[in-house]
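Spelled out, the chains give:
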Amino acid sequence: MTVSLTSGTTSSDITSFDFISFQSTEQFHGAVREQLAQDIEVLFAYARLPSPLVDACRYVMTGQGKLVRPLMVASAFASINSSNNERTDERNDVDMLNADLDSLLENDSDYDMSRRAALAVELLHTYSLVHDDLPCMDDDELRRGQPTAHIAFDEATALLAGDVLQTLAFEVLTAELPTFAPFNADIASQLLAIFAPRARRMVSGQMLDLNAEASTSIAQDDLEAIHRDKTGALIEAAMLMGGVCAGATAPQRMALQECAQHIGLAFQVQDDVLDVTMTTDTLGKPAGSDEKLDKSTYVKLMGVDNATSYAQSLFNDGRAAISRELGGNKDNIGKNNDALLALIEWLWSRKK
């Protein structure tokens, strides 16, 4: 059956990515981004938002972002799925593998729940960026290489765009969306239990970050407490939600959470370093904005070299946490946890 989405777009135009056959990180990430872009359009067609609200939402959701959090959902989903399949079925017949994959993509709701989870984390993350950029917060004029929402539209529209993206982040987990299988109630309830408290922690972390701006000095433990919520909470949610969609066991969930806690903190330390070492053109947002706002950062606390070394140690801890439970190694392409390890390698090498 073909379901009409928007003028000129049908469900037959929507494709699903094959997370098993990709042989490179770039190919895998490109497929995830393509899937997400298609799903964003499906969601906005479903939501029927008025203009200019829908225009602002589409503008901020389709910019040149890194899409780290949806990639984490997809990578965790692929890693857990691959690891569990290898544990339960050692068959190497290629035709059987392809048949199993076709069944997963066409008939199994687990993959579609991971699509919902990827949308949810990106919607929530983008809402936080839109609000962070407002004049009452960081008052930034550039984000993802383009004018921020309140500059491109106006402050009221930007505020409402952030509001509706936040609500859609939760609605998408159970909405009746064309091109998606009906939601799995058991998985959806688990996703909400993971997502909601970490969304709250993200906002709390932002408040703690604003409070810290008024402080003349802040200890490393206090700075890390801020960023484990502000940045790390949603990264935790992304990895755990991807794992849940793939049927992660309790030990696997613990490994994903430990990995995410290290990577979430590493990501923020790395951001602080990039803010002072990269240009505005490279970053796609104003370089040196942390210093301009007199924010407490790891660079300010420990210097560029020590902050870089600290980020590297955290990335190493993240690799170790996931490798211990799922097995495999970063050179073992196509096996076990290569998707997550490849993502960690990609994050470590990023320049923006």
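Each value, and the rule that gives it
Residues numbered from 1 in each chain as written. Predicted model: local features only at pLDDT ≥ 70, side-chain atom pairs only at ≥ 80, totals over all residues. Heavy atoms only, no water. Helix = DSSP H or I, 4+ residues; strand = E, 2+ residues; numbered from the N terminus. Contact = heavy atoms within 4.5 Å. Phe/Tyr/Trp six-rings, centres within 6.5 Å; stacked < 30°, edge-to-face > 60°. Buried < 20%, exposed > 50% of the residue type's maximum accessible area, 1.4 Å probe, protein only. Lys NZ or Arg CZ within 6 Å of the ring centre and 35° of its normal. Salt bridge = Lys/Arg side-chain N within 4 Å of Asp/Glu carboxyl O. pLDDT = per-residue confidence, 0-100. Axes fitted to C-alpha atoms, helices over the stretch in contact; angles between N-to-C directions. Parallel < 35°, antiparallel > 145°, perpendicular 65-115°, else oblique. Core = buried A, V, L, I, M, F, W, Y, C linked by side-chain atoms within 4.5 Å.

### Points about the overall build of the protein chain
Here is step 1: Summing up its helical and strand segments, the protein chain has 16 helices and 4 strands in all.
Here is step 2: Long-range contacts, defined here as pairs at least 24 residues apart, represent 77% of the contacts in the protein chain between residues at least 6 apart.

### With respect to unusual backbone geometry
Here is step 1: Ser-51 connects to Pro-52 through a cis peptide bond whose omega is 0 degrees.
Here is step 2: Within the secondary structure layout, Pro-52 lies in the loop between helix 1 (25-47) and helix 2 (53-61).
Here is step 3: A positive phi is found at Leu-67, a non-glycine position, where the angle reads about 60 degrees.
Here is step 4: Note that Leu-67 resides in the loop between helix 2 and helix 3 (68-88).

### A word on the packing of aromatic side chains
Here is step 1: By the definition in use, this model includes 5 aromatic pairs.
Here is step 2: Centre to centre, the rings of Tyr-59 and Phe-153 are 5.5 Å apart; their planes meet at 80 degrees, and the pair counts as edge-to-face. Of this pair, Tyr-59 sits in helix 2 while Phe-153 is found in the loop between helix 6 (149-152) and helix 7 (155-171), placing the two residues 94 residues apart along the sequence.
Here is step 3: You can call Phe-153 partly exposed: its relative accessible area is 27%.
Here is step 4: Aromatic side chains Tyr-298 and Tyr-310 sit 6.5 Å apart centroid to centroid with 45 degrees between the ring planes, which places their arrangement in the tilted category. Linking Tyr-298 in helix 14 (residues 298-302) with Tyr-310 in helix 15 (residues 304-326), this pair joins segments that are 12 residues apart in sequence.
Here is step 5: With a relative accessible area of 0%, Tyr-298 lands in the buried category.
Here is step 6: Residue class for Tyr-310 comes out buried when judged on its relative accessible area of 18%.
Here is step 7: One residue, Arg-115, lies across the ring of Phe-180, its end atom 3.8 Å from the ring centre.
Here is step 8: Taking the ring centre of Phe-267 as reference, the NZ or CZ of Arg-350 above it sits at 3.9 Å.

### Describing the pattern of salt bridges
Here is step 1: All chains considered together, the criterion is met by 13 salt bridges.
Here is step 2: Here Asp-133 and Arg-143 are joined by a salt bridge, their closest N and O atoms 2.8 Å apart. A residue pair is termed long-range when its members are at least 10 positions apart, and Asp-133 in the loop between helix 5 (109-132) and strand 3 (142-143) and Arg-143 in strand 3 qualify at 10 residues. Like Arg-143, Asp-133 is buried.
Here is step 3: Connected through shared salt-bridge partners, Arg-198, Arg-201, Asp-229 and Glu-236 make up one network.

### Remarks on the confidence of the model for the protein chain
Here is step 1: Residue-level pLDDT values for the protein chain average 83, and 80% of them are 70 or greater.
Here is step 2: Long-range and interchain partners of residues 1-20, a stretch whose pLDDT sits below 50, account for 46 contacts in this model, where long-range means more than four residues apart.
Here is step 3: The low-confidence segment residues 328-337 (pLDDT under 50) makes 24 contacts with residues lying over four places distant or belonging to another chain.

### Some remarks on the packing of helix 5 against helix 10 (residues 232-245)
Here is step 1: Where helix 5 meets helix 10, the closest approach of the two axes is 9 Å, and the angle between their N-to-C directions is 170 degrees. Taken together, helix 5 and helix 10 sit at an angle that is classed as roughly antiparallel. On helix 10, the residues that touch Asp-110, Met-113, Ser-114, Ala-117, Ala-120, Val-121, Leu-124 and His-125 of helix 5 are Leu-234, Ala-238, Met-241 and Cys-245.

### Describing helix 2
Here is step 1: Along helix 2, 7 of the 9 residues are buried, which leaves the element largely enclosed by surrounding structure.
Here is step 2: Within the span of helix 2, buried status applies to Leu-53, Val-54, Ala-56, Cys-57, Tyr-59, Val-60 and Met-61.
Here is step 3: Buried-residue contacts for helix 2 involve helix 1, helix 5, strand 4 (146-147), helix 6 and helix 7.

### Focus: the nonpolar core
Here is step 1: Core analysis: the biggest nonpolar cluster contains 95 residues, and Met-72, Leu-191, Phe-195 and Met-241 have the highest contact counts within it.
Here is step 2: Here this core takes 11 residues from helix 5, the largest share from any one element.
Here is step 3: Beyond its immediate sequence surroundings of up to four residues, Phe-195 is in contact with Ala-120, Val-121, Leu-124, Ala-169, Phe-170, Leu-173, Leu-234, Ala-237 and Met-241.

### Regarding the environment of Asp-132
Here is step 1: Relative to the assigned elements, Asp-132 resides in helix 5.
Here is step 2: For the pair formed by Asp-132 and Gln-206, sequence separation is 74 residues and the distance between their alpha carbons is 8.7 Å.
Here is step 3: If near-sequence neighbours (up to four positions away) are discounted, Asp-132 is found in contact with Met-137, Asp-138, Asp-139, Arg-143 and Gln-206.

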